[in-house]
Amino acid sequence: DEMLEPGNRLLLGMVRRFDEWVAASGVKVKEVELHVVSKEHKYAGTFDAVGTLPGSRALVLFDWKTSAGIYPDMELQLAAYAQAYKEQTGIEIKKGVIVLVGKDKPSHRLIVKEYKLGNRPIKAILKRLEDFRKYSVQRKEPNEGVRTSV
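Residues numbered from 1 in each chain as written. Predicted model: local features only at pLDDT ≥ 70, side-chain atom pairs only at ≥ 80, totals over all residues. Heavy atoms only, no water.

Draft legend 1. View of the nonpolar core. Core analysis: the biggest nonpolar cluster contains 22 residues, and Phe47 and Leu61 have the highest contact counts within it. Mapped by element, the contributors of at least two residues to this core are strand S1 (28-38), strand S2 (43-52), helix H2 (73-89) and helix H3 (119-138). A total of nine residues in this core trace back to one element, the largest contributor, which is H2. With residues near it in sequence (within four places) discarded, Phe47 still touches Glu33, Leu34, Val36, Leu61, Phe62, Asp63, Tyr81 and Tyr85. In this structure, Ala49, Val60, Val97 and Val99 belong to the second largest nonpolar core, which totals 12 residues. (Core = buried A, V, L, I, M, F, W, Y, C linked by side-chain atoms within 4.5 Å. Buried < 20%, exposed > 50% of the residue type's maximum accessible area, 1.4 Å probe, protein only. Helix = DSSP H or I, 4+ residues; strand = E, 2+ residues; numbered from the N terminus. Contact = heavy atoms within 4.5 Å.)

Okay, here's the thing in structure tokens:
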């Protein structure tokens, strides 16, 4: 570890902390780095994984974060991913999990938050998307070639 650059040591510590959580949690990851597109609502994004929690066969959407905290908008982001995933696969995902690994050394705090992905968060993100598009048109900004991503 001492031979690594400081930034790489930080990253290595974060990855180790995440690996410890995966091993202890019993999470089974099925697919990683999934790019999804909602043709119906015209947005796209990439989320980190789909898998299962211990004792359940139901698929769960996972997103790994390294930000300073877990924010309310992250629930909406999970809901948007779940909607696009359903459009592409026909499989409805009803639960999302944010796993945040902090940059604080040496412990790299880990926070896990589960979300129920029902109608409320998907309606909220679609309303925001509609407002964004309306605002862009009012400002007479061209939307052509602009990718709306979550």
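Draft legend 2. Spotlight on the pattern of salt bridges. Using the criterion set out here, one finds eight salt bridges in the structure. Residue Arg128 pairs with Asp73 through a salt bridge whose shortest N-O separation is 2.7 Å. With a gap of 55 residues between them, Arg128 in helix H3 and Asp73 in helix H2 connect regions that are remote in the sequence. Judged by its relative accessible area of 43%, Asp73 is partly exposed. Across the pair Asp131 and Lys127 runs a salt bridge whose closest N-O atoms are separated by 2.7 Å. In this pair, Asp131 and Lys127 are both assigned in helix H3, four residues apart and thus about one turn of the helix distant. (Salt bridge = Lys/Arg side-chain N within 4 Å of Asp/Glu carboxyl O.)

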